[in-house]
Amino acid sequence: LHRVIDAGAKFAISPGSTEELLLEAQKLNFPLLPGVATASEIMKGLEIGYTHFKLFPAMSAGGITALKSFSGPFQNAKFCPTGGISENNFLDFLKLDNVLCIGGTWVAPGDLTNAGKFDEITKLTESALSLYKNAAS
C-alpha cells in the first residue's frame, strides 16, 4: 500500500484483503477497493467500514450466482467483479444491482499493452462501450 501511495496513486485496488491492509488504508484515509472472494471476507470488510469490494477471481468465486447470493445478506455491499469477465459476459454482470462496474483484461490485453498497440486497445474499448450502449437502450 505504501509503495502504491509513494508511486503517486490516488487509490488502490487489491486482489485480496487482510485486516492489516484494510486498517492501514483507513488510517491513511487512502481509497482502497479491497478484493474479496467469500462471505467471510465481505463480512470482515463491512465490519471495518468498507462497502465497496472487488470480487476476485469473479468467475472462480461463483460469478453471477455468487453476486446474486451476496445481495441478500450484504445489501449495502457493492462490487467490481474481475477475473474471467469478458466481452461475452460483462453485460450480464452489469445488470446486477450490486455491481457498480466490471474489470476485464480483454479490453487491454497484456500482449497489446506490452507492444504499445494502443490503437487496437482503443478499438476493443470502443467495441465494449458500443455493446454496453446498445444493451442499455
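What you see is a predicted model; the values in this text were computed from it and never measured.

Draft legend 1. Examining the side chain of Asn 89 more closely. Relative to the helices and strands, Asn 89 resides in the loop between strand S5 (78-81) and helix H5 (90-94). By relative accessible area, Asn 89 is classed as buried at 13%. Only 3.1 Å separates the side chain of Asn 89 from the backbone oxygen of Gly 84, close enough to count as a polar contact. Excluding residues within four positions of it along the chain, Asn 89 makes contact with Met 59 and Gly 84.

Draft legend 2. The pattern of salt bridges, seen in detail. The full count for this structure, using the stated rule, is four salt bridges. Taking the shortest distance from any N to any O, the salt bridge between Lys 44 and Glu 19 comes out at 3.6 Å. Here Glu 19 lies in helix H2 (residues 19-27) and Lys 44 lies in helix H3 (residues 39-48), a separation of 25 residues in the sequence. Take Glu 19: its relative accessible area is 42%, and that puts it in the partly exposed class. Close ionic contact of Glu 47 with Lys 44 constitutes a salt bridge, the shortest N to O distance being 3.1 Å. Linking Glu 47 with Lys 44, this pair stays in helix H3, spanning three residues, or about one helical turn. Exposure remark for Glu 47: the relative accessible area of 62% places this residue in the exposed category. Each of Glu 19, Lys 44 and Glu 47 takes part in one network of salt bridges that share partners.

What counts and how
- Within every chain, residues take consecutive numbers counted from 1 along the sequence as written.
- Given that the model is predicted, a residue must reach a pLDDT of at least 70 before its local features are reported, and side-chain atom pairs must reach 80 or more before they are shown or counted; all residues, however, enter totals for whole chains, interfaces and linings.
- To obtain the side-chain values, all non-hydrogen atoms of the structure were included, while hydrogens and water were left out.
- What counts as a helix is a DSSP run of H or I of at least four residues, what counts as a strand is a run of E of at least two, and both are numbered from the N terminus.
- Per-residue accessibility, obtained with a 1.4 Å probe over protein chains only, is compared with the maximum for each type, and a residue is labelled buried under 20%, exposed over 50%, and partly exposed between these values.
- As used in this structure description, the phrase polar contact means that two N or O atoms lie within 3.5 Å; if the pair is within protein, one of them must be able to donate a hydrogen and the other to accept it, and residues adjacent in sequence are counted only when both atoms belong to side chains.
- In what follows, residue pairs with any heavy atoms lying within 4.5 Å of each other are defined as contacts.
- Salt bridges, as used here, are contacts in which a Lys or Arg side-chain nitrogen is within 4 Å of a carboxyl oxygen on Asp or Glu.

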